[in-house]
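# Geometric and topological summary
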Amino acid sequence: MKITILGCGGSAGVPMIGGDEGAGTGLWGVCDPANRRNHRLRSSVVIEHEGFRLLVDSGPDLRQQMLANGLTHVDAVFYTHAHSDHIGGLDELRAINRVIGRPLPLLASADVLAELRQRFDYAFRPWEGGTFYRPSFDVQEIPDYGPIKVGPLEGHVFPQRHGWITSLGVRFGPFAYCTDVESFPERSQVLLHDLSCWVVGCFQRGEHPSHGWLGRVLEWRQQFRPSHTVLTHMGPDMDYDMLRKELPDDVRPAWDGMELSV
């Protein structure tokens, strides 16, 4: 299984438009702009297995991410939740329709589908053949906890607390992807043991009401003991080189374009 990190930034990316006025920092925060691994687009990954590609979330940077990673298409898209930094590039998926010549399988929970239909109603009208002047989907509603099968990928989805809403994590074999999470219900924790690679959201150093932070993620590492932990959804106080110096050898910050083999 191959995982490509299309983007590992928070909702505003790095650099941030206007900087963080509340913290009194500039566009880059403490991140060194000379290090390309601090240039972060919005969080998304592609999971590839036996030639099948599953896109997890389509943020507003999707076109740029696909081109940067030499990806011409994906075979399905899965949505973790309906925040704009994870769904804002949905319209870009019409380019994928043109490549594959059919509606794209789209997997999401009932709540997320309701939000997508409201915000992108034109994309969910039945496809009547012909050209793809708008996206077209083969919609598959999934539970917030239970088995999932898409192409050759078989795994499990599970709920995560993300502030005031629920997001979904996903596990395929010894790999799990958990972005936008600040805590896990007990039934979800069961699925986070015995992982070879865990990509998990870690927005900042200090505590946050809706995202994992550095101290909490390191506590999760001790609790679940994955072989390797990769940090994603990082904000402007998460400088790559600083993190590499501080973190244990089995914990790494992601970068846009990072490839993982599981």
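Residues numbered from 1 in each chain as written. Predicted model: local features only at pLDDT ≥ 70, side-chain atom pairs only at ≥ 80, totals over all residues. Heavy atoms only, no water.

### Topic: the layout of surface pockets
Of the voids in this model, the largest pocket is the one considered here, and its volume is about 270 Å³. Forming the boundary of the largest pocket are 13 residues, of which Ser109, Asp111, Val112, Ile165 and Thr166 lie nearest the centre. Residue classes in the lining of the largest pocket are distributed as six nonpolar, four polar and three charged. Its volume calculated, the second largest pocket comes out at about 210 Å³. Ranked by the residues each element gives to the lining of the second largest pocket, the list is headed by helix 1 (residues 62-68), at three residues. A class-by-class count of the residues in the lining of the second largest pocket yields six nonpolar, five polar and four charged. (1 Å grid on protein atoms, 1.4 Å probe; cavity = no way out; pocket = protein on both sides within 12 Å on 5 of 7 lines; lining within 4 Å. Points joined across faces, edges and corners; volume = space filled by probe spheres on them. Nonpolar A, V, L, I, M, F, W, Y, C, P; charged D, E, K, R; others polar. Helix = DSSP H or I, 4+ residues; strand = E, 2+ residues; numbered from the N terminus.)

### Concerning the pairing of strand 1 (residues 2-7)
For strand 1, the tally of buried residues reaches five of six residues, placing the bulk of the element in the interior. Pairing geometry for strand 1 and strand 14 (residues 259-261), over three bridges, is antiparallel. Across the sheet, the residue bridging to Thr4 is Glu259, located in strand 14. Two strands pair when backbone bridges link them, and strand 1 and strand 2 (residues 44-49) are joined in this way by five bridges, in the antiparallel orientation. Residue Ile5 lies in a different strand from strand 2, and its bridge partner there is Val45. (Buried < 20%, exposed > 50% of the residue type's maximum accessible area, 1.4 Å probe, protein only. Pairing = 2+ DSSP bridges.)

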